[in-house]
Amino acid sequence: MGLLLLAHLVAAVLAPVLVRWWGRSAYYVLALVPAAAFGWLMAQLSTVLDGGTVDEVTTWIPALDLDVTLRLDALALSVAALVTGVGALVFVYCARYFEPDDEGLRRFAGVLMAFAGSMLGLVVADDMLLLYVFWELTTVFSFLLIGGSGAAVAARRAAQQALIVTTAGGLAMLVGLVMIGQASGSYLLSEVVADPGTGPVVTVGVLLVIAGAVTKSAMVPFHFWLPGAMQAPTPVSAYLHAAAMVKGGIYLIARLAPGFADTPGWKPVVLGLGLATMLLGGYRALRQYDLKLLLAFGTVSQLGFLMVLVGTGSREAAAAGIAMLLAHGLFKSTLFLTVGVIDHTCGTRDLREINGLGRRVPVLAVVAGLAGASMAGLPPLLGFVGKEAAFTAFLDGGLESRVWAMVTLLGLLLGSVLTVAYTARFLWGAFGTGGSLRHCAADRPSPEHLHRPGPAFLAAPVVLALLGLAAGPLSSSLEPLVAPYADTLPLVAEEAESLALWHGLQPALLLSLVTLVGGLALFAARDLVARLQRRVAMDASADEGYWHTMRGLDVVAQVTTRTTQRGSLPTYLGVILVVLVALPGSILVFRAPWPDDVRLWDTPVQALVGVVVLGAAALAVRIRQRLSAVLVVGVTGYGIGVLFALQGAPDLALTQFLVETLTLVTFVLVLRKLPKDISDRHQAKERTARGLIAVAVGLLMGGVGVVALGARTATPVSVDYPQQAYDFGGGENIVNVTLVDIRAWDTMLEVSLLVVVATGVASLVFLRERTGAVARATHAPDVGAAAARRAPRDRWLAASATLAPQRRSVILEVITRALFHTIIVLSVYLLFSGHNVPGGGFAGGLVAGLALVLRYLAGGRYELGEAAPVDPGKLLGGGLLLAGTTGIAGLVLGADALQTTILERTVPLLGDVKLVTSLFFDMGVYLIVIGLVLDVLRSLGAQIDADDEDDDREQEDGDGTGTGGVHHVEDGGPVASSRESSGALAPGGPR
């Protein structure tokens, strides 16, 4: 099962590439993945039919007792077979549904495949937390599929609505799962259901889980998101909103029913919402003219029917529920796919504008007729078997209370009448002759709107319709699959009745006849029904209630923001720091165990450095010039680095020095757009208050450090690090081995954060694209490739002539030319040697980044382009991909995720070679850091330079004195102008 999920993941990643190569025909290849999963499930059928299960446990994080636990039993196999089988056919359908030049075809393929894998994972997950992960993945991928490319406003709105509703329910479900898991002492669904806990905590937890299920399966009052989701392409509706995603809530209720159906509140909520949903959905379906919306409200109704059956908690109702679940997946996906063919054929889905299509495309009419007959509950289709089993279940009892069983049966009967009515409405509207003759008219021999569907386009709905037809007569063969799950629930009737097409003349058959006659009568009186519906129509609706709620939340958020967010950063920080001093500070003073012996320093040099750091900090708040203040703040950072070095931590010292240097450069780039002096608009008492807060916070953190170090009684875990670093990580540098092996997950999250930070910085500067074009010397104004090749001998850097003479520093250019490559080599040395000596990917990346900073300061933005002619986004993404792939490589080599694997071999000419896989993780970190630095330089440096040049050109052109922003210097090369900055360093060295 794990390999099947991995196969879906790999296929989702490769899908855009395959579609790019082969076009829409790549969907045929992608269909092989869910088809292979379906084949594997069928191979496990014998084990499941014998009452067994297929279990698979993969260790994930042993320290937290987190495992990837998968389990396949009768219920999981039934739903998984539906998910994979329909999924394979939907991919085949997509190969002819989309046009070859459709935008977003590659993206759609990848997201749909990722959804298919997530849905399969949801069904086979036995760990409740893992189930929640897959649950939310289906929500996210559904959002992406409904929203499409984001160009359509209606699609964006529908996707947002579905995301908010299902995510809110999912969060409630997460809380409920945690409560149930804690109360039961296990997070495995199989164990929790077998031995359910009791008490108020469990009751509340179960109700919260039900909240997640009813939002996922579009129960009243959350049903409105499903019709809105019809903005998605038809394959999405057929797969997600008929066979897969909306079944998630039904599956969860069915999974929990054996253990929790008797929980207080379960049956009133589940049965009440199910019946209300069935009736409301059927009623609304009778008002629809869009065939797809008609099916959507019909799906809402059928989901309510399924919720009642699987939530009743009896053996007979559960058996009917599983049969009906399979039937619904077959006939509803068939009908949605049929609507897609109709849309392609006629160019419309409005049943008022379609006429005579049944005669023009008879195969499609037969397919829709079979699926519609199953939905209406006509023999010999599987839908008839499921509906008759449901009627029989409640006729024989179904519930402990006979009265409530009859009430529930009456609700199901009325809902089934509505089902027959809207089924007739669909078939007559799509294939009858009552339309307006505007499209697909039978009396026009070759209407321009009619595009006859080919065999490949009809293959998927034909196969699904035939399966529904065959499953009816063969329904007795489903009994061994349904029974293992149904037998886990108590039998209310005297005797269990097995699934079969014919049980003889019995009351359930009479009820089926009543629903058929009543539904056809309701359809025959459709004009009268329409008038009555218009007369009793209410202005309020669940959809409007949702949007009113969202607007109300917006208003509350605005009021809260206006009240609490006053726009003063000093106020925010002051409140936070005062609370910090008041609460933890008071505990520290009055209750903390202070050590008896405090050593102030190990060497007097540390005290000297401490005095310098304190003096620099005090001086920084008194200086009025921004650049001077930044330099003084830098002294505090370098002082901390010196303390690290004195304490015997060269790795920390090296990193501190490099980070501090890069931070100073970043400050300098930002200060170019700020005034030279720091204005002081505050009174003396305000400055005094800030000073007191700063001193109090400093004393608090110092005291926390003293107490924390003095309170240690246990042996630190780091005592064993030196030996473990070498034995398990293959390195002698404890710091680097810790980062890339022992705490590799932390590092992975941190480098991911770096990518997010780089993206955020770039998004604040680049308005249209994430990054601007790479500015090369050949792209400079009036400088061509030939001119760049004929650079004068006194030009030490390729793009130095693009700077104004007053911005150039020949000494800096010479030093840069002489040292740049050496610095790059040093960064690579730090990368490869960091596993055994001070260094590593982070330090090496910072050194390489500082080399790029040097090139930028010496030659400007065009020189930066010559030094690194690459999109920083590709470095960031490539580095993150390389680091993440290393984690997967560990699993392939038999280790845990992100665990270092040591490879030792004897190589000819090289001798004994020792390679650790964490080196590649470090290389990913190296690329990410370089990409981050390059992104900062491009956004805060190069792009601001370009904006300044454009402003100068506009100003000079407006004055009539401009030359396009280009000044010609003595060597014949042009120089791009730039405005004077306010006291900060600019590219090209000090002015």
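All values reported here derive from a predicted model rather than from experimental measurement. (Residues numbered from 1 in each chain as written. Predicted model: local features only at pLDDT ≥ 70, side-chain atom pairs only at ≥ 80, totals over all residues. Heavy atoms only, no water.)

1. Description of the overall build of the protein
Secondary structure assignment for the protein yields 38 helices and six strands. Put simply, of all contacts in the protein between residues at least 6 apart along the chain, 77% involve residues at least 24 apart. Only carbon and sulfur atoms are counted for the fraction: they give 65% of the accessible area of the protein, which is about 45,200 Å². (Helix = DSSP H or I, 4+ residues; strand = E, 2+ residues; numbered from the N terminus. Contact = heavy atoms within 4.5 Å. Areas by Shrake-Rupley, 256 points an atom, 1.4 Å probe, with all protein chains shown as cover.)

2. Brief notes about a negative patch on the surface
A surface patch of like charges, here negative, comprises Asp396, Glu494, Glu495 and Glu497. With a relative accessible area of 40%, aspartate 396 lands in the partly exposed category. (Patch = residues over 30% accessible without salt bridge, like charges linked within 9 Å, V, L, I, M, F, W, Y side chains within 5 Å. Salt bridge = Lys/Arg side-chain N within 4 Å of Asp/Glu carboxyl O. Lys, Arg positive; Asp, Glu negative; His and termini not counted. Charge placed at Lys NZ, Arg CZ, Asp CG, Glu CD. Buried < 20%, exposed > 50% of the residue type's maximum accessible area, 1.4 Å probe, protein only.)

3. As for the packing of aromatic side chains
Scanning the model with the defined rule gives 11 aromatic pairs in all. On the numbers, 4.9 Å between centres and 65 degrees between planes, the contact of phenylalanine 98 with phenylalanine 108 is edge-to-face. With phenylalanine 98 in the loop between α5 (74–97) and α6 (105–124) and phenylalanine 108 in helix α6, the pair connects residues that are 10 residues apart, well separated along the chain. For the pair phenylalanine 98 and phenylalanine 108, a shared accessibility class is recorded, and that class is buried. Seen in terms of ring centroids, phenylalanine 115 and tyrosine 239 are 5.6 Å apart; in terms of plane orientation they differ by 85 degrees. Their pairing is edge-to-face. (Phe/Tyr/Trp six-rings, centres within 6.5 Å; stacked < 30°, edge-to-face > 60°.)

4. Some remarks on the pattern of salt bridges
All told, the structure shown has 14 salt bridges when counted by the stated rule. In this structure, lysine 267 engages aspartate 262 in a salt bridge whose closest nitrogen and oxygen atoms are separated by 3.7 Å. Here arginine 855 ties to glutamate 863 by a salt bridge, and the two come within 2.5 Å at their closest N and O atoms. The pair arginine 855 / glutamate 863 is uniform in exposure class, with both members buried.

5. Observations concerning the environment of alanine 711
Turning to its location among the elements, alanine 711 is positioned in the loop between α30 (684–710) and α31 (721–727). Sequence separation between alanine 711 and proline 595 is 116 residues, and the spatial gap between their C-alpha atoms is 7.3 Å.

6. Some points on the nonpolar core
One finds Tyr27, Leu112, Phe115, Trp225, Tyr239, Trp266 and Ile342 to be the most contacted residues of the largest nonpolar core, which totals 185 residues. Excluding residues that lie within four positions of it along the chain, isoleucine 342 makes contacts with Leu291, Gly347, Thr348, Ile354, Leu357, Leu364, Ala430 and Phe431. (Core = buried A, V, L, I, M, F, W, Y, C linked by side-chain atoms within 4.5 Å.)

7. Focus on a nonpolar patch on the surface
A surface patch of nonpolar side chains, amounting to about 570 Å² of accessible area, comprises Leu3, Leu6, Leu9, Val10, Val13 and Leu14. With respect to the element layout, valine 10 can be found in helix α1 (residues 2–22).

8. Looking at the confidence of the model for the protein
Averaged over every residue, the pLDDT of the protein is 85; residues scoring 70 or more account for 90%. At the low end of the mean pLDDT range in the protein sits strand β6 (residues 974–976), at 37; at the high end sits helix α3 (residues 32–43), at 96. Under a pLDDT of 50 for its full length, residues 435–449 has, in the predicted model, 35 contacts with residues more than four places off or in other chains. Predicted confidence is poor over residues 962–986, with pLDDT under 50, and the contacts of this stretch with residues over four places away or in other chains come to 73 contacts. (pLDDT = per-residue confidence, 0-100.)

9. So, the side chain of glutamine 161
Of note, glutamine 161 is situated in helix α8 (residues 153–184). On the accessibility criterion, glutamine 161 (3% relative accessible area) is buried. In this structure, glutamine 161 is in contact with Phe224, Trp225, Asp543, Tyr546 and Trp547, ignoring residues within four places of it in sequence.

10. What to know about the packing of helix α20 (residues 402–431) against helix α23 (residues 507–524)
Put simply, α20 and α23 touch, their axes get as near as 8 Å, and they point 50 degrees apart. With respect to their mutual orientation, α20 and α23 come out oblique. Between α20 and α23 lies a crossing of right-handed hand. Contacts from Leu409, Leu413, Ser416, Val417, Leu418, Val420, Ala421, Ala424, Arg425 and Trp428 in α20 reach Leu511, Thr515, Leu516, Gly518, Gly519, Leu520, Leu522 and Phe523 in α23. Grouping the constituent residues of the contact of α20 with α23 by class yields 13 nonpolar, four polar and one charged. (Axes fitted to C-alpha atoms, helices over the stretch in contact; angles between N-to-C directions. Parallel < 35°, antiparallel > 145°, perpendicular 65-115°, else oblique. Left-handed = near helix turned anticlockwise from the far one by under 90°. Nonpolar A, V, L, I, M, F, W, Y, C, P; charged D, E, K, R; others polar.)

11. Here's the deal with unusual backbone geometry
A cis amide bond links valine 220 with the next residue in sequence, proline 221, at an omega value of 5 degrees. Among the secondary structure elements, proline 221 is positioned in the loop between α10 (200–216) and α11 (225–228). For the bond running from proline 379 to proline 380, omega is 5 degrees, close enough to zero to count as cis. Here proline 380 is to be found in the loop between α18 (362–376) and α19 (382–395). Located in the positive-phi region is alanine 218, a residue other than glycine, with phi close to 60 degrees. Structurally, alanine 218 is set in the loop between α10 and α11. What makes alanine 218 buried here is its relative accessible area of 0%.

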